[in-house]
Amino acid sequence: MGIKGCIDIAWEFLRRIPEYEEDWKLHCNTSGTDHCHNPQRQTASDINAEKKWGLLRYVDPECTADNVFWAEGLSKRSFRVLLSHEGNLSIENILKKENIDYRTIILKNGIYCIKVFNNYSYFQFFVNPGSDTENIFNRYIYISLELNGKKQNTDIINDVLSNKSKCSSLSEDNQFLLRIMDSLNKGYSQREIASHLFGQEMVDNEWTQDSWLRSNIRYRIKKVNDIISQGYLNYI
């Protein structure tokens, strides 16, 4: 599997989990919902995705991360904002910035989640438009400290909007973990995984019962299993 769209390491992990793929297929068979229409709306069946996977809406594992929305309470990149008729920063101006793209989902309770992203990172605004849904994008935003916990880092917003944000989450270690997940899904043995990561020559020379190489692979597989057990949520 290659990287899909806007880099979101949590989505890269999640879409490789076999149980999620099975859940997606079950969702498609039972809901009959077309997931490519805009504006996107959260459906009743999507509530299970939020409870089980931390997603606001089921997303095809073959789709890009552009259309992935994470639950507000779990994501450090999510901000609850207030709307005003005056201010310094309107939603429209944010979305018109160079190298910025966005997606919107309307939740069951009427809250709008607007995902703003570039090629490296993203953040999510959660907005209650009230009765004025027609002019939501012309309104100004205000980030209330009372509505956002101390865990929130507003530097995330500035980094994305200034296009300075670079994806540190796709480290060499995370790339290795993604490759291991792909290999495990194909049924590869630990030795075969080591060969794909480090080369056959090193495996021939170093692979023994108690070798550092075998311990390295076992350690990385343990990390993969931790990620599968909802450890991917630590990256959102």
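For the structure itself, consult the block above.
Residues numbered from 1 in each chain as written. Predicted model: local features only at pLDDT ≥ 70, side-chain atom pairs only at ≥ 80, totals over all residues. Heavy atoms only, no water.

A. Region of interest: the overall build of the protein chain. Summing up its helical and strand segments, the protein chain has nine helices and six strands in all. The burial tally for the protein chain puts 44% of its 236 residues in the buried class. For the protein chain, long-range pairs separated by at least 24 residues make up 64% of all intrachain contacts whose partners lie at least 6 apart in sequence. Counting every atom, the protein chain has about 12,600 Å² of accessible surface; 45% of that belongs to carbon and sulfur. (Helix = DSSP H or I, 4+ residues; strand = E, 2+ residues; numbered from the N terminus. Buried < 20%, exposed > 50% of the residue type's maximum accessible area, 1.4 Å probe, protein only. Contact = heavy atoms within 4.5 Å. Areas by Shrake-Rupley, 256 points an atom, 1.4 Å probe, with all protein chains shown as cover.)

B. Local environment of the packing of aromatic side chains. Evaluated as defined, the whole model comprises eight aromatic pairs. Where Trp11 meets Tyr20, the ring centres are 5.8 Å apart and the plane angle is 85 degrees; that geometry is what we call edge-to-face. With relative accessibility at 0%, the residue Trp11 sits in the buried group. Put simply, the rings of Trp11, Tyr20, Trp53 and Tyr58 pair up and form one aromatic cluster. Positioned above the aromatic ring of Phe117, the side-chain terminus of Lys115 is 5.8 Å from the ring centre. A cation sits over an aromatic face here: Lys115 above Tyr122, 4.9 Å from the ring centre. (Phe/Tyr/Trp six-rings, centres within 6.5 Å; stacked < 30°, edge-to-face > 60°. Lys NZ or Arg CZ within 6 Å of the ring centre and 35° of its normal.)

C. The sheet that holds strand E2 (residues 78–84), seen in detail. Strand order across the open sheet formed by six strands is E1-E3-E4-E5-E2-E6, with mixed pairing between neighbours. The strands lining the two open edges of the sheet, one partner per strand, are strand E1 (40–41) and strand E6 (140–143). (Pairing = 2+ DSSP bridges.)

D. Structural view of the pattern of salt bridges. Evaluation of the coordinates by the stated rule reveals 15 salt bridges. In this structure, the salt-bridge partner of Glu19 is Lys52, at a minimum N-O distance of 3.3 Å. Of this pair, Glu19 sits in helix H2 (residues 18–31) while Lys52 is found in helix H3 (residues 46–53), placing the two residues 33 residues apart along the sequence. Relative accessible area serves as the criterion here: at 30%, Lys52 is assigned to the partly exposed category. Three or more residues joined by partner-sharing salt bridges are found here, namely Glu12, Arg15, Arg16 and Asp182. (Salt bridge = Lys/Arg side-chain N within 4 Å of Asp/Glu carboxyl O.)

E. Structural view of the pairing of strand E4 (residues 112–117). Buried residues dominate E4, accounting for six of its six residues. Alternating residues of E4 divide into Tyr112, Ile114 and Val116 and Cys113, Lys115 and Phe117, and every residue in both groups is buried. By the bridge criterion, six bridges tie strand E3 (residues 101–106) to E4 in an arrangement that is antiparallel. By the bridge assignment, Ile106 is partnered in E4 with Tyr112. What sits between the antiparallel neighbours E3 and E4 is a turn of five residues, in which Gly110 has the positive phi angle 90 degrees. Sheet topology note: the E4/strand E5 (residues 122–127) ladder contains six bridges and is antiparallel. Residue pairing for E5: Cys113 is matched across the bridge by Phe126. What sits between E4 and E5 in their antiparallel hairpin is a turn of four residues.

F. A look at unusual backbone geometry. Here Asn99, not a glycine, exhibits a phi torsion of approximately 65 degrees, which is positive. Inspection of the secondary structure assignment puts Asn99 in the loop between helix H4 (91–95) and E3.

G. Fine view of the state of the cysteines. A full pass over the atoms with the stated rule returns zero disulfides. The cysteine Cys28 is free of any disulfide, with Cys63 supplying the nearest cysteine sulfur at 9.6 Å. Judged by its relative accessible area of 28%, Cys28 is partly exposed. (Disulfide = S-S within 2.5 Å.)

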